[in-house]
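A look at the structure
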Amino acid sequence: MTSTQTVDALAVTRALTNAVIAASHAPSIHNTQPWRWRPHGDRLELSIDESRLLAVTDPDHRLAILSCGAALHHALISLAADGWHATVTRLSETNRPGHLATVRADARIPVELAAFRHLQTIALRHTDRRAVSDTAVDADALRTITAAVEARQTLLHVLRPGQVLDLASAANHAQRTESDDQAWQTELRHWTGGPRPLGTGIPDTVIPRTAAPTTVPGRDFGHRGDMTVADTHDRTAVFGILYGPGDGDIDWLHAGEALSAAWLKATELGIAVLPLSAAIEVTATRETVRRLLSGLGHPYLVLRFGVQDPDTAGPHTPRLPMEQIVEQP
Ligand SMILES: Cc1cc2nc3c(=O)[nH]c(=O)nc-3n(C[C@H](O)[C@H](O)[C@H](O)COP(=O)(O)O)c2cc1C
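Residues numbered from 1 in each chain as written. Predicted model: local features only at pLDDT ≥ 70, side-chain atom pairs only at ≥ 80, totals over all residues. Heavy atoms only, no water.

**Things to note about the packing of aromatic side chains**
Evaluated as defined, the whole model comprises 0 aromatic pairs. The aromatic ring of Trp263 is capped on one face by Arg125, whose charged end is 4.4 Å from the ring centroid. (Phe/Tyr/Trp six-rings, centres within 6.5 Å; stacked < 30°, edge-to-face > 60°. Lys NZ or Arg CZ within 6 Å of the ring centre and 35° of its normal.)

**Some details on the layout of surface pockets**
Of the pockets and cavities examined, the second largest pocket occupies roughly 510 Å³. Around the second largest pocket, the lining comprises 25 residues; the ones closest to its centre are His73, Leu76, Ile77, Ala80 and Arg152. Among the secondary structure elements, those contributing two or more residues to the lining of the second largest pocket are α2 (62-81), β3 (84-90), α3 (113-124) and α7 (249-268). It is β3 that contributes the most residues to the lining of the second largest pocket, 6 residues altogether. For the lining of the second largest pocket, the per-class residue count stands at 14 nonpolar, 6 polar and 5 charged. Counting contributing residues per domain, the lining of the second largest pocket is built from domain 1 (4-125) and domain 2 (139-312), each supplying no fewer than three. (1 Å grid on protein atoms, 1.4 Å probe; cavity = no way out; pocket = protein on both sides within 12 Å on 5 of 7 lines; lining within 4 Å. Points joined across faces, edges and corners; volume = space filled by probe spheres on them. Helix = DSSP H or I, 4+ residues; strand = E, 2+ residues; numbered from the N terminus. Nonpolar A, V, L, I, M, F, W, Y, C, P; charged D, E, K, R; others polar. Domains from an automatic or database assignment.)

**Section: the site of the ligand**
Taken together, the neighbourhood of the ligand is formed by 21 residues, with Arg125, Thr127, Arg129, Ser277 and Arg319 sitting nearest. Within the side chain of Arg125, an N or O atom sits 2.8 Å from an oxygen atom of the ligand. One nitrogen or oxygen atom from the side chain of Thr127 is found 2.6 Å from an oxygen atom belonging to the ligand. Here the ligand has 620 Å² of accessible area as a free molecule, and 98% of this is covered by the chains. Those elements giving two or more residues to the shell around the ligand turn out to be α2 and β7 (271-276). Looking at the shell around the ligand element by element, the count peaks at 3 residues for β7. Within the shell around the ligand, the residues separate by chemical class into 10 nonpolar, 7 polar and 4 charged. Looking at the shell around the ligand, you find at least three residues from each of domain 1 (4-125) and domain 2 (139-312). (Near = heavy atom within 4 Å. Polar contact = N/O pair within 3.5 Å; in protein donor to acceptor, adjacent residues only side chain to side chain. Areas by Shrake-Rupley, 256 points an atom, 1.4 Å probe, with all protein chains shown as cover.)

**Some thoughts on the packing of helix α5 (residues 161-179) against helix α9 (residues 283-291)**
Where α5 contacts α9, the axes come no closer than 9 Å and their chain directions differ by 170°. With respect to α9, the element α5 is oriented roughly antiparallel. Residue-level contacts link Leu167, Ala170, His173 and Ala174 of α5 to Thr285, Thr288 and Val289 of α9. Taken together, the residues of the contact of α5 with α9 break down into 4 nonpolar, 3 polar and no charged. (Axes fitted to C-alpha atoms, helices over the stretch in contact; angles between N-to-C directions. Parallel < 35°, antiparallel > 145°, perpendicular 65-115°, else oblique. Contact = heavy atoms within 4.5 Å.)

**Focus: the nonpolar core**
Core analysis: the largest hydrophobic core is formed by 60 residues, its most contacted members being Trp35, Trp37, Leu46, Leu72, Leu242, Ile271 and Phe305. By residue number, the principal contributor to this core is α2, which donates 11 residues. Residues lining this core come from more than one domain, with at least three contributed by each of domain 1 (4-125) and domain 2 (139-312). Setting aside chain neighbours within four positions, we find Leu72 in contact with Trp37, Leu46, Val88, Arg90, Ala101, Val103, Leu253 and Glu257. Ranked by size, the runner-up nonpolar core spans 20 residues in total, among them Leu159, Ala171, Leu274 and Ala279. (Core = buried A, V, L, I, M, F, W, Y, C linked by side-chain atoms within 4.5 Å. Buried < 20%, exposed > 50% of the residue type's maximum accessible area, 1.4 Å probe, protein only.)

**Describing unusual backbone geometry**
Its identity as a non-glycine residue notwithstanding, Asn31 has a phi of 55°, on the positive side. Of note, Asn31 is situated in the loop between α1 (4-23) and β1 (35-40). The exposure class assigned to Asn31 is buried, which follows from its relative accessible area of 5%. With a phi close to 55°, Arg196 is a non-glycine residue in the positive phi region. On the secondary structure map, Arg196 appears in the loop between α6 (182-191) and β6 (238-244). The exposure class assigned to Arg196 is buried, which follows from its relative accessible area of 15%.

Structural data, given as structure tokens:
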């Protein structure tokens, strides 16, 4: 006969495996998936994977840690949807290099409908690089998305129309700086384009064939992709800055959790999200973006919100096989 303890041990192992699978769908800078999970009894340890960092684009690991924060939030959604309460310790004192968080599944809880719904949304969420439609973003939806961010120790500043022009000029400047830098271009070429058979990076299928005539430029991938984008303007797009009072690892981890929470909520509300990080990657333009916050904090990521037709969404990006993101204890 199987004891209650054995049943629980099996159930927790299954829930932790499901959590890692859900987390693998998280968004990440250039789809680097810079996370590594280590299951251990009723715990999962999350670390940054040194082999998938962007030395030129992201030397401080701001965007990599932010990506890991998104994966952490996805994992927590999965545990909640499996009926587990989880205790998280972030950046605690372990001597494991790159350690970011430990998640402990410590008690059974009733499954809330919202957690179940978010788990379904994880499979639908994706980066939408198409031009936004003419339909305006609903103000109530924006307030709900902002609340999802603020519940995770991060803030969202929605730009006023006049500030969008300042953002556009910063994004253009960042784009030029990156285009003129050979090392930057080499790194970009390594992670983007082609079919991406190894499961990382951004395939041509989700890179626009032409640059849509937008006020704030999307990322210039340095080559044309295969995705057809409408030749419309981004007049109805709303731009926001994820930000907070600190500018260190813990702040970026929280910002990633906030990004995931906001993006899942936005997807459920029919709002498409496009992260724009070029202006954050370049030191000078990050400072320009910081000034848009009137000295209230440090910027982590720029987000574009817009309404899209969900039925014409493009394909999903590939993901690494589990054995490359899970470490055996
Ligand atoms: C921190 C961060 C920064 C990103 N910056 C950009 C960007 O500047 N331009 C862009 O087109 N996509 C950007 N993305 C989206 C990623 O390319 C995308 O998440 C990844 O390719 C996986 O695709 P998916 O989101 O469709 O699953 C960013 C994502 C994250 C998490």
